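# Examination of the molecular architecture
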Amino acid sequence: MRISFAIAFFLVPLSISASEEAARAALEANCFRCHGAEKQKGKVRFDTLSTDFINDRRAAETWQDALDAIQLGEMPPEDEEPLPDEDRRQLVNWLEEKLEQALEAHSSQSEGAVLRRMNTAEYSFTMRDLLGLEMDYSANLPPDPLSKDGFFTNGAALGMSAIQLEAYLETARKAMDFVLFEGSQPEETSLRIEPNYKPRGRLTKAGNPGNRLGRNHYWAGAVKGAPPSGWFTLRIDAHVDRETGQPDPVMNVRYGYGVPGLTVSFTDEFATQVIREDQKTVYEFSGWLDFSPQPGKATPMEKREGIIIITNALDDGLPAPKPIKQEAKKEAGKKKKKVPPLYPEDEDFPQLVINSVEFILHDHQSWPPKSHTDLIPNDTDLEDAVQLRNVISRFLKSAFRRPVGDPEVEKWFKYYQVIRSKEKTPIAALREFCSVVLASPEFLYLAEGKAGAEMNAHDLAVRLAYFLWSSMPDAKLTAAADSGALLKPDEIRSQFRRMMADPKSERFIEQFVSQWLDLGALDRVAINPQFYKDFDNDIKSLMIAETRQYFSHILRNDRSALELISSDYSLLNEKLGRHYGLAENDLPTGSDFRPVSFSRGQRTGGLLAHGAVHLSGSDGAHSHPIKRAVWIRERLLHDPPAPPPPNVPDISETVKNFDKLTVREQLEIHREKAACADCHRGIDPWGIALEHFDAIGLYRDKVAKTKKQVDAVATLPGGVEVKNLKDLQGYLVKNRADQFAEAITAKLLSYALGRSMEFSDEAAIEHLAEQFQSNDYSLRSLMESIVTSETFSRR
């Protein structure tokens, strides 16, 4: 584990005797000095730092970092005398011995109760899985704060406010209106929709209406007098017209409302599907009209019209044919009438042919719907106390993710009775009752009791489910917990493998990769059109997809995790490959991400070659080597540098013509400042090695800003020189594989446990990392080792 601060050591000649007292004396005699070491309770200096490893956890953590730096060759720095071999050996041996004793002492210490709120993503997935309802559950919730580790799963960072609790209650009430139903089934109606609507506002890409959809055409129809609520289905008969070898079109369906005479209509994406069938096929997309954008409650029903817009969303990165101006029409005695331009189709682009569209209202497969009968089985009499208790008991067990005893059920039953006295029907009362349950601490928090204690089977099931699925345990995992079988390592392994094969495990990949690698940073960087006028902002989402798909490919195919550092391939689709400048023969086709080998050119594989890393490590105009360096140390090596000292002005404001200097010249000036030099010696080289890649991930030999040649030569801590990204990747694989193994182990463990790693976790991290390496850096084996470890099964 690497504690979060930068160390600048200045060593003086020392000779540490074998005795502990002599070693203590040498360490306390200004052997080390730390500048700007920010800790939780202020600054730390090694010349005054306690060597009481047993009673001073903070000191032990700091000395652990010192040991790591010495063993990695980072200390002493290159401008100081090297540490004699015998002194190094004695110092390392003494530190290892004392730290091992400290680990044993601290591992048994309890940190108190652990209480973690579900983050927004976990809450949304849990509500969806529990209620069987697709809905935007996060619309009214505040954004979750990131922990110091960069995760949204850290309980220490996930607070709660009264306003937020009210938002949970309102969200639950809205959801329950679409889960429990009263009355008879509404009458089903069907209407064939003709392409008779002319979109207003910025609803579609520029083009002409039609039923053959390529780069330019769109299909648009209106549903006159469409109701604002109710279950509905769009049934679309379509097929593909394309040449052999051409990619699959992508059907994008939007639905919303408009008002005749207004210039703006309201639509939102309703469904997207890759269309692979050349023969006529019927595609059905269902949902609630209530969740579609509405024109306003004041608009009379007869003036509303439902709007359906279908486009071919396939994007290969090539431009659409340019529009052709049309001559204005002139009628006798009238002014010329403006004619919209003609948008020709690209004949070489695969066509999505829309044969017919049908709008079906109230086409429920059963009544009441499945969401209702899952909670209240058919023939249940809610006026019967025994049957009602059974309904309440089942719901509480599912919502609380654990067994509930009779006293707890009785408490909640009495609360239902209070609600029932104020509601007209049992269903209305049960809706409100369930809403309150879904806003209770027992649902919103993943309580794990006293830290250090061994988990029971249900708590273990919850931890496993939220690690792999970001959601509640399913029926099979719950059954294993009910029987107690889940407490056996073989059963945990079996459940882990089953759950990883489930589509819901894609949530782990999406959530963990995004948080670990800070992919959200792409949305915090605005690309400067002055430098990249043709940049398509959709590329950002493709860069994020590349990184997630790459991690998924390594995990799913049980490849070495060292490929996260270095490889000769990536996962690309046609548009992203074209953005990166791949040769036409090397491009994948279509929107699907596929492995692409970099057999030629300057691109390489590994995370550090991903556009997501380059773009987030920029200011939107220029590369930012310090941002990239900090990302490498923090995300890949778990060794984040300290934040800059306070009150240090931006050097670009104090140096004339700073923006005309090369990156190397800028950084050299930066290091001339005493307050910056010590830390930047250990930061800058990591980012300089990536200088051949600009702010949008494109390879370059010259910097557009200065017109000078790129200089990516850097000397890493320890004196190793690298000339480019490939050299850096080779160095990381050869010299830092152990550190990377511990880093990704610590990151996964922190994500899984919902807390930051502490000094007491050091032994577990080292053990898991050693297993990880002995299993050829298999991510699957590492995750399986984590879920079967003692650390995972303890609170």
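Remember, it's a predicted structure, so these values are computed and weren't measured experimentally.

So, about the overall build of the chain. For the chain, the count of helices and strands is 25 helices and 17 strands. For the chain, long-range pairs separated by at least 24 residues make up 73% of all intrachain contacts whose partners lie at least 6 apart in sequence. Summed over its atoms, the accessible surface of the chain is roughly 36700 Å², and 49% of this surface lies on carbon and sulfur atoms.

The buried fraction of strand β7 (residues 231–241) is high, at eight of eleven residues. Both β7 and strand β12 (residues 351–361) contribute to a ladder of ten bridges, which runs antiparallel. Note on β12: the bridge partner recorded for His 239 is Val 353.

What follows is about helix α24 (residues 762–774). In this model, α24 (13 residues) spans 18 Å end to end at C-alpha, consistent with the 18 Å of a helix rising 1.5 Å per residue. What α24 keeps buried is the set Glu 762, Ile 765, Leu 768, Ala 769 and Phe 772. Looking straight down α24, one finds its buried side chains confined to an arc of 135°; they lie on one side. Opposite the packed face of α24, turned more than 90 degrees from it, sit the exposed residues Glu 770 and Ser 774. Of the residues one or two after α24, Asp 776 is the one with positive phi, at around 60°.

With that settled, consider empty space enclosed by the protein. By the definition in use, this model includes two cavities of 30 Å³ or more. Its boundaries defined by the atoms lining it, the second largest cavity holds a volume of some 80 Å³. Listing elements by their share of the lining of the second largest cavity, those giving two or more residues are β13 (445–450), α11 (457–468) and α23 (737–753). Looking at the lining of the second largest cavity residue by residue, the classes come out as six nonpolar, two polar and four charged.

Let us now look at the pattern of salt bridges. Applying the stated rule across the entire model yields 38 salt bridges. Note that Lys 397 and Asp 482 form a salt bridge whose closest N and O atoms lie 3.0 Å from each other. Placement of Lys 397 in helix α7 (residues 385–400) and of Asp 482 in helix α12 (residues 475–483) is noted, with a sequence separation of 85 residues between them. Exposure remark for Lys 397: the relative accessible area of 29% places this residue in the partly exposed category.

For the rest of this paragraph, the subject is the pairing of strand β11 (residues 305–312). Burial within β11 is extensive, with eight of its eight residues counted as buried. In β11, alternate side chains face the same way, and those of Glu 305, Ile 307, Ile 309 and Thr 311 on one face and Gly 306, Ile 308, Ile 310 and Asn 312 on the other are all buried. In this sheet, β11 lies alongside strand β6 (residues 218–224) in antiparallel orientation, the contact comprising seven bridges. Across the sheet, the residue bridging to Lys 224 is Glu 305, located in β11. Looking at chain direction, strand β8 (residues 250–258) and β11 are connected through eight bridges and run antiparallel. Within β11, the position partnered with Gly 256 by the bridge is Ile 307.

Attention now moves to the side chain of Asp 474. Here Asp 474 is to be found in the loop between α11 and α12. By relative accessible area, which is 18% here, Asp 474 ends up buried. Within the structure, Asp 474 has its side chain in polar contact with the backbone nitrogen of Leu 477 (distance 3.0 Å). With residues up to four places along the chain from it excluded, the contact list for Asp 474 reads Trp 469, Arg 498 and Lys 504.

Counting residues in each nonpolar core, the largest one holds 101 residues, and the members touching the most others are Phe 467, Phe 508, Trp 516, Phe 551, Leu 564 and Leu 608. Within the second largest apolar cluster, 52 residues are counted, among which are Leu 180, Leu 382, Phe 400 and Trp 412.

Moving on, we get to the packing of aromatic side chains. When we look at a pair of aromatic rings, we describe it by the centre distance and by the angle of the planes. Evaluation of the coordinates by the stated rule reveals 33 aromatic pairs. Centre to centre, the rings of Phe 181 and Trp 367 are 5.4 Å apart; their planes meet at 55°, and the pair counts as tilted. Linking Phe 181 in the loop between α5 (162–176) and β4 (189–193) with Trp 367 in the loop between β12 and α6 (370–375), this pair joins segments that are 186 residues apart in sequence. On the basis of relative accessibility, which here comes to 24%, the residue Trp 367 falls in the partly exposed class. Where Phe 772 meets Tyr 777, the ring centres are 5.4 Å apart and the plane angle is 75°; that geometry is what we call edge-to-face. Given the relative accessible area of 13%, Tyr 777 is considered buried. Site record: aromatic cluster; members linked through ring pairs are Phe 151, Phe 467, Phe 508, Phe 512, Trp 516, Phe 551, Tyr 751 and Phe 792. Lying across the ring of Tyr 580, Arg 603 places its NZ or CZ 3.8 Å from the centre.

The rules behind each value
Residues numbered from 1 in each chain as written. Predicted model: local features only at pLDDT ≥ 70, side-chain atom pairs only at ≥ 80, totals over all residues. Heavy atoms only, no water. Helix = DSSP H or I, 4+ residues; strand = E, 2+ residues; numbered from the N terminus. Contact = heavy atoms within 4.5 Å. Areas by Shrake-Rupley, 256 points an atom, 1.4 Å probe, with all protein chains shown as cover. Buried < 20%, exposed > 50% of the residue type's maximum accessible area, 1.4 Å probe, protein only. Pairing = 2+ DSSP bridges. Expected span 1.5 Å × (residues − 1). Arc of directions from axis to C-beta. 1 Å grid on protein atoms, 1.4 Å probe; cavity = no way out; pocket = protein on both sides within 12 Å on 5 of 7 lines; lining within 4 Å. Points joined across faces, edges and corners; volume = space filled by probe spheres on them. Nonpolar A, V, L, I, M, F, W, Y, C, P; charged D, E, K, R; others polar. Salt bridge = Lys/Arg side-chain N within 4 Å of Asp/Glu carboxyl O. Polar contact = N/O pair within 3.5 Å; in protein donor to acceptor, adjacent residues only side chain to side chain. Core = buried A, V, L, I, M, F, W, Y, C linked by side-chain atoms within 4.5 Å. Phe/Tyr/Trp six-rings, centres within 6.5 Å; stacked < 30°, edge-to-face > 60°. Lys NZ or Arg CZ within 6 Å of the ring centre and 35° of its normal.

All we've got here are geometric facts, nothing functional implied.
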